[in-house]
Amino acid sequence: VDDVRIPLKKSSVFVLPSYYREGVPRSTQEAMAMGRAVITTSGPGCKETVVHQKNGLLIPPHDPHALLNAMKAYIDHPGWIVQHVAAGYQLALQRYDVKKINQNIMQRMGLHSVPEISDKQSVPQTKRVTGVAKTARDPAKQASAEYIDE
């Protein structure tokens, strides 16, 4: 998939039933940043992105019945999606914001004098969408699914 935001835009819940020891999956981080509830396994890496029943649901690896029950739980309790989306988005901002991560890395390297770039100082980014260049002046709008033309 060239642009993961397009399929994520069409969903309410992101499901990653991984059983590999893959580290922290970028896909769950992207789903949280796009405002999606997450169902994933309680295996290493995956469980780091979800706080069970706060921003998603954790299931045991290799358990299709638990996966079915988790998906059914969101169907039976659609209000959970709204709650988990809001919590997941906030969690993504707290844990996975690239500016915060980069600032932390720079500080650990002893480069404390590197100024943090605010959203107002950032350079507008240009993205080609269906052959037309668009400039996003608002970083939040650029990251949102609503910015994407289908």
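Scoring rules and cut-offs
Residues numbered from 1 in each chain as written. Predicted model: local features only at pLDDT ≥ 70, side-chain atom pairs only at ≥ 80, totals over all residues. Heavy atoms only, no water. Salt bridge = Lys/Arg side-chain N within 4 Å of Asp/Glu carboxyl O. Helix = DSSP H or I, 4+ residues; strand = E, 2+ residues; numbered from the N terminus. Buried < 20%, exposed > 50% of the residue type's maximum accessible area, 1.4 Å probe, protein only. Pairing = 2+ DSSP bridges. Right-handed = clockwise from strand over helix to strand, strands pointing away. Axes fitted to C-alpha atoms, helices over the stretch in contact; angles between N-to-C directions. Parallel < 35°, antiparallel > 145°, perpendicular 65-115°, else oblique. Contact = heavy atoms within 4.5 Å. Nonpolar A, V, L, I, M, F, W, Y, C, P; charged D, E, K, R; others polar.

Chemist: A description of the pattern of salt bridges should follow, citing residues and the corresponding values.
Modeler: Pairing between side chains of opposite charge can happen when the charged atoms of each approach one another. Per the stated rule, a full pass over the model turns up three salt bridges. Across the salt bridge formed by Arg26 and Glu30, the nearest N and O atoms sit 3.0 Å from each other. In this pair, Arg26 and Glu30 both sit in helix α2 (residues 26-33), four residues apart, roughly one turn of the helix. The exposure class of Arg26 is exposed, given its relative accessible area of 63%. In this structure Glu30 comes out as partly exposed when scored by relative accessible area, which is 25%. With a shortest N-O distance of 2.8 Å, Lys72 and Asp76 are connected by a salt bridge. With a gap of four residues between them, Lys72 and Asp76 both fall in helix α3 (residues 64-76), about one helical turn apart. The exposure class of Lys72 is partly exposed, given its relative accessible area of 45%. Note on Asp76: relative accessible area 45%, which makes it partly exposed.

Chemist: Can you break down the pairing of strand β2 (residues 37-41) residue by residue, with the values?
Modeler: Buried residues dominate β2, accounting for five of its five residues. Of the pairings in the sheet, the one linking strand β1 (residues 13-16) to β2 comprises four bridges and is parallel in character. For Val13, the partnering residue across the bridge sits in β2 and is Ala37. The parallel pair β1 and β2, bridged by α2, forms a crossover whose chirality is right-handed. Relative to strand β3 (residues 56-59), β2 is paired through four bridges, and the arrangement is parallel. Within β3, the residue paired with Ile39 across the bridge is Leu57.

Chemist: Tell me about the packing of α3 against helix α4 (residues 78-96), and please be specific about residues and values.
Modeler: Geometrically, a packed helix pair is captured by the angle between its two axes and the distance between the axes. Contact pair α3 / α4: the axes reach a minimum separation of 4 Å and the direction vectors enclose 100°. The angle between α3 and α4 falls in the class roughly perpendicular. Residues Ala73, Tyr74, Ile75 and Asp76 of α3 pack against Pro78, Trp80, Ile81 and His84 of α4. Residue composition of the contact of α3 with α4, by class: six nonpolar, one polar and one charged.

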